[in-house]
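Per-entry structural report
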Amino acid sequence: MSDEANELSPRRRRLLFRAAHRGTKETDLLIGGFVSDRIEAFSEQELDDVEEILELPDVDLTDWLSGRRPVPADLQSPMMRRLLEASALPGAGVPAAVRKL
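Residues numbered from 1 in each chain as written. Predicted model: local features only at pLDDT ≥ 70, side-chain atom pairs only at ≥ 80, totals over all residues. Heavy atoms only, no water.

**Section: the overall build of the chain**
- Within the chain one finds seven helices and zero strands.
- Seen in sequence order, the chain has helices and strands lined up from the N terminus as α-α-α-α-α-α-α.
- Its C-alpha atoms give the chain a radius of gyration of 13 Å, within 12% of the compact-globule value 13 Å for 101 residues.
- Dimensions along the principal axes, computed over C-alpha positions, put the chain at roughly 40 × 35 × 20 Å. (Helix = DSSP H or I, 4+ residues; strand = E, 2+ residues; numbered from the N terminus. Rg over C-alpha atoms; globule rule 2.2 N^0.38 Å.)

This is the structure:
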């Protein structure tokens, strides 16, 4: 684990781990990358919002984040919209170390 990750609170470290270990590589990269890039700046409420998203089924998240299916209206939270926007950017899900090559 990097020095930055070691300095995070236990809650943030757990959330970062959960976001990057979803079950499918695509979702691991998309959600894990999104959370990794923002984990230090998230407020407690935003951490709650991310935790709610992580409770959703991986198969659905993969479809929504890839644009294969729309997110149901009842799940379209501000955090979900941020995640969708980040997932639509060129290079989304590509680890920073690889992007720099």
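The structure having been displayed, the exposition proceeds.
**Overview of helix α4 (residues 44–54)**
- Taken as a whole, α4 has its buried residues at L47, V50, I53 and L54. On an axial view of α4, the arc spanned by its buried residues comes to 115°, and they lie on one face.
- The inward-facing, buried residues of α4 contact α2 (10–20), α3 (25–38), α5 (58–66) and α6 (78–88). (Buried < 20%, exposed > 50% of the residue type's maximum accessible area, 1.4 Å probe, protein only. Arc of directions from axis to C-beta. Contact = heavy atoms within 4.5 Å.)

**Description of α3**
- For α3, with 14 residues, the first-to-last C-alpha span of 20 Å sits near the 20 Å given by 1.5 Å per residue.
- Tucked inside the fold, the buried residues of α3 contact α2, α4, α5 and α6. (Expected span 1.5 Å × (residues − 1).)

**Some thoughts on the environment of Q76**
- One can find Q76 in the loop between α5 and α6.
- Under the relative-accessibility criterion, Q76 is labelled partly exposed at 41%.
- If near-sequence neighbours (up to four positions away) are discounted, Q76 is found in contact with V71 and R81.

**Structural notes on the pattern of salt bridges**
- Per the counting criterion, the structure on display carries ten salt bridges.
- Ionic pairing is found between R11 and E44, a salt bridge with its closest N-O pair at 2.6 Å. One end of the pair, R11, is in helix α2; the other, E44, is in helix α4, and 33 residues separate them in sequence.
- Note that R11 and D48 form a salt bridge whose closest N and O atoms lie 2.4 Å from each other. Placement of R11 in helix α2 and of D48 in helix α4 is noted, with a sequence separation of 37 residues between them.
- Its relative accessible area of 32% is what places D48 among the partly exposed residues.
- Salt bridges linked by common partners bring R11, R12, E44, D48 and E51 together as one network. (Salt bridge = Lys/Arg side-chain N within 4 Å of Asp/Glu carboxyl O.)

**Description of the side chain of D28**
- Within the element layout of this structure, D28 appears in helix α3.
- Of the side chains with opposite charge, K25 lies nearest to the buried D28, which makes no salt bridge, at 5.2 Å.
- Filtering out sequence-adjacent residues up to four positions away, D28 remains in contact with A19, A20, H21, R22, G23 and G33. (Lys, Arg positive; Asp, Glu negative; His and termini not counted.)

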